[in-house]
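# A closer look at the structure
So you can see what is in the structure, the chains are spelled out below.
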Amino acid sequence: MAGNITFSIIKPDAVANGHAGKILDHIIQAGYKVRALRLIHMTQGMAEGFYAVHRERPFFKDLVSYMCSGPCMPLVLEKADAVAGFRTLIGATDPAKADEGTIRKLYAQSIEANAVHGSDSDENALREARYFFAEIEEVRG
Ligand code: IDP
Ligand code: MG
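Below is a short write-up of the structure. (Residues numbered from 1 in each chain as written. Chains lettered and ligands numbered in written order. Predicted model: local features only at pLDDT ≥ 70, side-chain atom pairs only at ≥ 80, totals over all residues. Heavy atoms only, no water.)

## Looking at the layout of surface pockets
In this model, the largest pocket occupies a volume close to 530 Å³. Lining the largest pocket we find 20 residues, and of these Y51, H54, F59, L63 and T93 sit closest to its centre. A breakdown of the residues in the lining of the largest pocket according to their chemical character gives 6 nonpolar, 6 polar and 8 charged. (1 Å grid on protein atoms, 1.4 Å probe; cavity = no way out; pocket = protein on both sides within 12 Å on 5 of 7 lines; lining within 4 Å. Points joined across faces, edges and corners; volume = space filled by probe spheres on them. Nonpolar A, V, L, I, M, F, W, Y, C, P; charged D, E, K, R; others polar.)

Shown next, in the form of structure tokens:
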């Protein structure tokens, strides 16, 4: 059965451009409860750890430096079928390919600076949530 927790980050481009409030409201209006939220300027080590699965990809170095370019906003979100529903809400990785009305279509700059992260599985949602919120009951499992 699909879980009810997903993990998101409002990424540095969206925070720097002043879109964080609108994106958070979009998420809440879509029915997600915010279980945890913080504002953090990631170190290189944190970003490398978070995106370790992509370390062999050609864009990894740029991705890490972009994720450390300014503060971002990690979020733990709750809703039925959270992971799949949230991926639909944010749209495709490349905003040029994202559906109308999705968060990335509305706010992303590029395939790299694409405004938001969304977990791709229940397992990764819990792992990612714990990475930023070790103290939160909901993500202890
Ligand atoms: P996702 O965020 O839609 O799950 P992933 O493939 O997991 O996409 O990639 C993680 C992040 O890496 C993306 O959100 C984006 O910021 C960046 N990224 C993905 N593909 C590319 C690319 O081809 N060029 C530059 N950056 C990319
Ligand atoms: Mg991904």
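## Some words on the site of ligand 1
The local shell around ligand 1 consists of K11, Y51, H54, F59, L63, R87, T93, R104, I111, E112 and N114. K11 places a polar side-chain atom, nitrogen or oxygen, 2.8 Å from an oxygen atom of ligand 1. At 2.8 Å, a side-chain N or O of R87 approaches an oxygen atom of ligand 1. Burial of ligand 1 by the protein chains amounts to 80% of its free accessible area of 530 Å². Counting atoms within 2 Å of the grid points, the majority share of ligand 1 lands in the largest pocket. (Near = heavy atom within 4 Å. Polar contact = N/O pair within 3.5 Å; in protein donor to acceptor, adjacent residues only side chain to side chain. Areas by Shrake-Rupley, 256 points an atom, 1.4 Å probe, with all protein chains shown as cover. Sits in = over half its atoms within 2 Å of the grid points.)

## Remarks on the pattern of salt bridges
Across all of its chains, the model carries 3 salt bridges by this definition. With its nearest N and O atoms 2.4 Å apart, the salt bridge here joins R35 to E78. Here R35 is found in strand β2 (residues 33-37), whereas its partner E78 is found in strand β3 (residues 73-78), with 43 residues between them in sequence. Note that E128 is salt-bridged to R127, the shortest N-O span being 3.9 Å. (Salt bridge = Lys/Arg side-chain N within 4 Å of Asp/Glu carboxyl O. Helix = DSSP H or I, 4+ residues; strand = E, 2+ residues; numbered from the N terminus.)

## Quick word on a nonpolar patch on the surface
Among the surface-exposed residues, I28, V34 and L37 lie close enough to one another that they form a single nonpolar patch of about 210 Å² accessible area. Inspection of the secondary structure assignment puts I28 in helix α2 (residues 20-29). Taking relative accessible area as the criterion, I28 reaches 38% and is therefore assigned partly exposed. (Patch = residues over 30% accessible without salt bridge, like charges linked within 9 Å, V, L, I, M, F, W, Y side chains within 5 Å. Buried < 20%, exposed > 50% of the residue type's maximum accessible area, 1.4 Å probe, protein only.)

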